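Chain and residue survey
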Amino acid sequence: MASAGMDRQIHIWDLSPDQIDEENVIHPHTVGHPLTNHKNSIQHLKWGSSESNNLYSCGAINGNNKRGELFQWDLYEFTRTRQYMGHKAVINSIDFKND
């Protein structure tokens, strides 16, 4: 599982069955280190294809939404591998066409 938000960080969580206690509450721990580089809050996450190790994230570069940012992350190395430019305002979501 991945989570992101106002702190401008992405966390990858281990949801293994051994993380569930007797009251059926999950106590996950993070995998790797937080992914950072966003300049403002992160609006949306999208997993790459099941064959890839990529995660995509989007948001805005600054608080007044002057430019959006879209990043591609490598989850084997926990590094940002690509930045996509072009939006002139906050990016709220990401999706891919299935071929």
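Summary of the structure given here.

Okay, the layout of surface pockets next. Over the atoms, a rolling probe the size of a water molecule traces out where space has been left empty. Of the pockets and cavities examined, the largest pocket occupies roughly 150 Å³. Lining the largest pocket, in full, are K46, W47, G48, S49, S52, N54, Y56, D95, F96 and N98. Contributing elements (two or more residues each) for the lining of the largest pocket: β4 (42-47) and β5 (54-60). Here the residues of the lining of the largest pocket sort into three nonpolar, five polar and two charged.

By the secondary structure assignment, D14 is in strand β2 (residues 9-14). No salt bridge is formed by the buried D14; its nearest oppositely charged neighbour, K46, is found at 22 Å. Not counting chain neighbours up to four residues away, the residues in contact with D14 comprise Q19, P28, H29 and V31.

For the rest of this paragraph, the subject is unusual backbone geometry. Despite not being glycine, R8 has its phi angle at roughly 65°, a positive value. Mapped onto the secondary structure, R8 falls in the loop between β1 (2-4) and β2. Of note in this structure, N37 is not a glycine but carries a positive phi near 155°. Examined against the element boundaries, N37 turns out to sit in the loop between β3 (29-36) and β4. On the accessibility criterion, N37 (36% relative accessible area) is partly exposed.

Thresholds, definitions, all that
Residues numbered from 1 in each chain as written. Predicted model: local features only at pLDDT ≥ 70, side-chain atom pairs only at ≥ 80, totals over all residues. Heavy atoms only, no water. 1 Å grid on protein atoms, 1.4 Å probe; cavity = no way out; pocket = protein on both sides within 12 Å on 5 of 7 lines; lining within 4 Å. Points joined across faces, edges and corners; volume = space filled by probe spheres on them. Helix = DSSP H or I, 4+ residues; strand = E, 2+ residues; numbered from the N terminus. Nonpolar A, V, L, I, M, F, W, Y, C, P; charged D, E, K, R; others polar. Buried < 20%, exposed > 50% of the residue type's maximum accessible area, 1.4 Å probe, protein only. Lys, Arg positive; Asp, Glu negative; His and termini not counted. Salt bridge = Lys/Arg side-chain N within 4 Å of Asp/Glu carboxyl O. Contact = heavy atoms within 4.5 Å.

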